[in-house]
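Fold and contact review
In case you want the letters, here they are:
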Amino acid sequence: MESLQSELISLLTAIDPDTKVSIQSFSSPGNGKRESGSNHRTWSKSSNGLVKIGDDGIRESAIKFVQSLDNGQPTKWGGTYPWQGLDAAFEDNETDTLYFLSDGEPNKDRLGGSWGSNDYEPTASHYSNFNNTRTRALKTNTISLGLESPWMEKLSTQTHGDHLKVDKDYVTSKSSK
């Protein structure tokens, strides 16, 4: 989670002030208690759509939201259920670039069945095909944190984005520069 936060804060800090953003975190939805599903939520400033990061207080609010994602108890962070956030991004025709960060493989496939390697290609193709129905294509950049993620690599490749794997070697090489 700390690596995810660090990468996302670096991105939010570096992007142009005219960039419009929305942030949605995902985990198992839970029952609304802080300790269950607390990371399955949308940044309030972007709950009604994209907001300009350079507007007064917006960048700071976005960073504060990202920092709030860590409740200090990794076993309580929830599962990996990215479908609602991915669907929302692909359904928003104003969005042209997506940064999808995950530290885990999905717990279930898009239809609620078991997740497995046979889901990699169909899932990436689903979102790639979704691009064909959009007013503008959505470039999907993926960042897998601490794991190999062939489906995320396929997703970024098929949507003309980039894929980055952040692991101990990456963090070590980044901090030595």
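Scroll up to find the structure this text is about.
Residues numbered from 1 in each chain as written. Predicted model: local features only at pLDDT ≥ 70, side-chain atom pairs only at ≥ 80, totals over all residues. Heavy atoms only, no water.

Here we look at the overall build of the protein
When helices and strands are tallied, the protein shows six helices and seven strands. The linear arrangement of helices and strands in the protein, starting from the amino end, is α-β-β-β-β-α-α-β-α-β-α-β-α. Split into buried and exposed, the 177 residues of the protein put 41% on the buried side. The long-range share in the protein, meaning contacts at least 24 apart out of those at least 6 apart in sequence, stands at 66%. Total accessible area on the protein stands at roughly 9600 Å², and carbon and sulfur atoms take up 47% of it. (Helix = DSSP H or I, 4+ residues; strand = E, 2+ residues; numbered from the N terminus. Buried < 20%, exposed > 50% of the residue type's maximum accessible area, 1.4 Å probe, protein only. Contact = heavy atoms within 4.5 Å. Areas by Shrake-Rupley, 256 points an atom, 1.4 Å probe, with all protein chains shown as cover.)

Some remarks on the pairing of strand β6 (residues 139-145)
For β6, a buried count of six out of seven residues is recorded, marking the element as mostly surrounded by other parts of the structure. For strand β5 (residues 97-102) and β6, the ladder comprises six bridges, and the chain directions are parallel. By the bridge assignment, Ser-102 is partnered in β6 with Ser-144. At this point the chain moves from β5, through helix α4 (residues 120-131), to the parallel β6, and the crossover so formed is right-handed. By the bridge criterion, four bridges tie β6 to strand β7 (residues 163-166) in an arrangement that is parallel. In the strand pairing of β7, Leu-145 is matched with Val-166. Between β6 and its parallel partner β7, the chain crosses via helix α5 (residues 150-158), and the hand of that crossover is right-handed. (Pairing = 2+ DSSP bridges. Right-handed = clockwise from strand over helix to strand, strands pointing away.)

Description of the nonpolar core
Among the nonpolar cores identified, the biggest contains 19 residues, and Leu-12, Ile-23, Trp-43 and Ile-53 are the most heavily contacted of them. Looking at this core, the elements with two or more residues in it are α1 (2-14), α2 (58-67) and β6. Broken down by element, this core gets its largest block of residues, five residues, from α2. For Trp-43, the residues in contact, after removing those within four places along its chain, are Val-21, Ile-23, Val-51, Ile-58, Ser-61, Ala-62 and Phe-65. With 15 residues, the next largest nonpolar core counts Trp-83, Ala-89, Ala-124 and Leu-155 among its residues. (Core = buried A, V, L, I, M, F, W, Y, C linked by side-chain atoms within 4.5 Å.)

Overview of the side chain of Arg-59
Examined against the element boundaries, Arg-59 turns out to sit in helix α2. No salt bridge is formed by the buried Arg-59; its nearest oppositely charged neighbour, Glu-60, is found at 5.7 Å. Excluding anything up to four places from it in sequence, Arg-59 contacts Leu-12, Thr-13, Ala-14, Ile-15, Asp-16, Pro-17 and Ile-53. (Lys, Arg positive; Asp, Glu negative; His and termini not counted. Salt bridge = Lys/Arg side-chain N within 4 Å of Asp/Glu carboxyl O.)

Examining the sheet that holds β7
Strand order in this open sheet of three strands is β5-β6-β7, and the pairing throughout is parallel. The open sheet has two free edges, formed respectively by β5 and β7, since each of these has just one partner strand. Taken over all neighbouring pairs, the strand axes of this sheet differ in orientation by 15° on average, direction set aside. (Axes fitted to C-alpha atoms, helices over the stretch in contact; angles between N-to-C directions.)

Remarks on α5
For α5, every residue scored as buried is listed here: Trp-151, Met-152, Leu-155 and Ser-156. Buried residues along α5 cover an arc of 135° about the axis, so they all sit on one side. The positive-phi residue at the C-terminal boundary of α5 is His-160, with phi of around 65°. (Arc of directions from axis to C-beta.)

Some thoughts on the packing of aromatic side chains
For any two aromatic rings, the description comes down to two numbers: the centre-to-centre distance and the angle of the planes. Using the criterion set out here, one finds eight aromatic pairs in the structure. Centre to centre, the rings of Phe-90 and Phe-130 are 5.7 Å apart; their planes meet at 40°, and the pair counts as tilted. With Phe-90 in helix α3 (residues 83-91) and Phe-130 in helix α4, this pair connects stretches of sequence that are 40 residues apart. The structure contains a cluster of three or more aromatic residues connected by ring pairs, namely Trp-83, Phe-90, Phe-100, Trp-115, Tyr-120, Tyr-127, Phe-130 and Trp-151. (Phe/Tyr/Trp six-rings, centres within 6.5 Å; stacked < 30°, edge-to-face > 60°.)

Comments concerning the packing of α1 against α2
At a minimum axis distance of 10 Å, the contact between α1 and α2 shows a crossing angle of 175°. In terms of axis orientation, α1 runs roughly antiparallel to α2. On the side of α1, the interface is formed by Gln-5, Leu-8, Ile-9, Leu-12, Thr-13 and Ala-14, while α2 contributes Arg-59, Ala-62, Ile-63, Val-66 and Gln-67. Among the residues making up the contact of α1 with α2, the classes are represented as seven nonpolar, three polar and one charged. (Parallel < 35°, antiparallel > 145°, perpendicular 65-115°, else oblique. Nonpolar A, V, L, I, M, F, W, Y, C, P; charged D, E, K, R; others polar.)

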